[in-house]
Every structure is written in C-alpha cells, then in structure tokens.
Amino acid sequence: MVYKKITIVAIIISIIICVISNITFAATDITSNDKIIDSTLNILIFLQKYSWPVLTLLFIYALYQFYVAGSEILESKIIGQRLIVGIAVFMVIIQCLPLFYAFVTVK
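The numbering scheme is per chain: residues are counted from 1 as the chain's sequence reads. Restriction of local features to residues with pLDDT of at least 70 applies here, the model being predicted, together with a cutoff of 80 or more for giving and counting side-chain atom pairs; totals for whole chains, interfaces and linings are based on all residues. Only hydrogens and water are set aside when side-chain values are computed; all heavy atoms of the structure are taken into account.

### Side note on the side chain of Gln48
Next up, step 1: A run of H or I in DSSP becomes a helix once it reaches four residues, and a run of E becomes a strand once it reaches two; helices and strands are each numbered from the N terminus. As for its placement among the helices and strands, Gln48 is situated in helix H2 (residues 35–68).
Next up, step 2: Residue Gln48 is classed as buried on the basis of its relative accessible area, which comes to 1%.
Next up, step 3: The contact criterion used is simple: two residues touch if any of their non-hydrogen atoms lie within 4.5 Å. Leaving out residues up to four positions away in the same chain, Gln48 has contacts with Ile17, Cys18, Ser21, Ile94, Gln95 and Pro98. Any residue under 20% of the maximum accessible area for its type is buried, any over 50% is exposed, and the rest in between are partly exposed; the area is computed with a 1.4 Å probe on protein chains only.

### Comments concerning the packing of helix H1 (residues 4–24) against H2
The geometry of a pair of packed helices is captured by two quantities: the angle between their axes and the separation between those axes.
Next up, step 1: As a rule, the C-alpha atoms of each element are fitted with a line to give its axis, helices using only the stretch in contact, and angles between N-to-C directions run from 0 to 180 degrees. Remark: H1 packs on H2, axes separated minimally by 12 Å, with the N-to-C direction vectors making an angle of 155 degrees. With respect to each other, H1 and H2 are oriented roughly antiparallel. Considering only the axes of H1 and H2, their crossing is left-handed. In this structure, H1 contributes Thr7, Ile11, Ser14, Ile15, Ile17, Cys18, Ser21 and Asn22 to the contact, and H2 contributes Gln48, Lys49, Trp52 and Phe59. An angle below 35 degrees is read as roughly parallel, one above 145 as roughly antiparallel, one from 65 to 115 as roughly perpendicular, and any other as oblique. A clockwise turn of the near helix away from the far one marks a right-handed crossing, whereas an anticlockwise turn of less than a right angle marks a left-handed crossing.

### As for the packing of aromatic side chains
Next up, step 1: Side-chain rings of Phe, Tyr and Trp (the six-membered ring for Trp) are treated as a pair once their centres are within 6.5 Å; stacked means planes under 30 degrees apart, edge-to-face means over 60, and tilted covers the remaining angles. Evaluated as defined, the whole model comprises two aromatic pairs.
Next up, step 2: Ring centres 4.7 Å apart and planes at 50 degrees place the aromatic pair Phe46 and Tyr50 in the tilted group. Of this pair, Phe46 and Tyr50 both sit in helix H2, four residues apart, roughly one helical turn. Across the pair, exposure class does not vary: Phe46 and Tyr50 are exposed alike.
Next up, step 3: Relative to Tyr67, the ring of Phe66 has its centre 4.8 Å away and its plane inclined at 85 degrees; by these criteria the two rings are edge-to-face.
Next up, step 4: Given the relative accessible area of 54%, Tyr67 is considered exposed.
Next up, step 5: A cation over an aromatic ring shows up here: Lys77 above the ring of Phe66, its NZ or CZ 5.2 Å from the ring centre. Two conditions define a charge sitting above a ring: the NZ of Lys or the CZ of Arg must be within 6 Å of the ring centre, and it must be within 35 degrees of the ring normal.

### Considering the packing of H1 against helix H3 (residues 74–105)
Next up, step 1: Look at H1 against H3: their axes get within 8 Å of each other, and the N-to-C directions meet at 20 degrees. Between H1 and H3, the interaxial angle falls into the category roughly parallel. Where H1 crosses over H3, the handedness of that crossing is left-handed. Contacts from Thr7, Ala10, Ile11, Ile13, Ser14, Ile17, Cys18, Ile20, Ser21 and Thr24 in H1 reach Ile84, Val85, Ala88, Val89, Met91, Val92, Gln95, Cys96, Pro98 and Leu99 in H3.

### A word on the nonpolar core
Next up, step 1: To define a nonpolar core, start from buried Ala, Val, Leu, Ile, Met, Phe, Trp, Tyr and Cys residues and group those joined through side-chain atoms within 4.5 Å. The biggest cluster of nonpolar side chains holds seven residues, and these are Leu55, Phe59, Ala62, Phe66, Ile84, Ile87 and Met91.
Next up, step 2: Put simply, the parts of the chain that give this core at least two residues each are H2 and H3.
Next up, step 3: When residues of this core are assigned to their parent elements, the largest contribution, four residues, is made by H2.
Next up, step 4: Not counting the four nearest positions on each side in its chain, Phe59 is found in contact with Thr7, Ile11, Ile84 and Ile87.

Here it is, written out as structure tokens:
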C-alpha cells in the first residue's frame, strides 16, 4: 500500500484527538450564554462521538475492497486504497472539528 504511513498517522491522530476532546468536553453542561454557539458545539460533539461506528464500517468495507476484491481486480484495489486514505483523513477532520470550533469561539 502506497499511503500506509499517512493512513496510520491519520488514524493515530484521530484516536488521540478523540481522547483529548472527550477529556476536554467531559462536562455535559457547556454554556456560553449563546444558544447558537452551544447548539453548534453540541452537534459537533454528537457527530464526533457517533461517527466512529459508521466510519469503522466504511473502513472495513474499504479494507475489503483493497485486500479481497483487489486481489482479483486492479480497479477495486485502487478504489479501496483511495477509500482507506479518504476515510482516515475524514476521521481526523471530524475529530478535530469540536476542538477547533471551541478554540475559535473562545474570546
């Protein structure tokens, strides 16, 4: 696999950011006197927490495309590799969004 290091680093970063974010937002009552900011942050935290099962299933499908279907058809191997890298990078983005939003909105 060509992008193995990028994929592994992206997955490790997403796990670390998930732990940091869970520690940071451990308080269930995040208030800032603005309902829009609070609801947006709650939505981002919700997406962060519940994206793991969906992305894990998509990652398993991408691994299937790369290893199983890709052993017979070269096009499936290329599609699987693109899916693996794309999902890994998307995981990092989804995990960083709540922290980035909280740092941007803090005055």
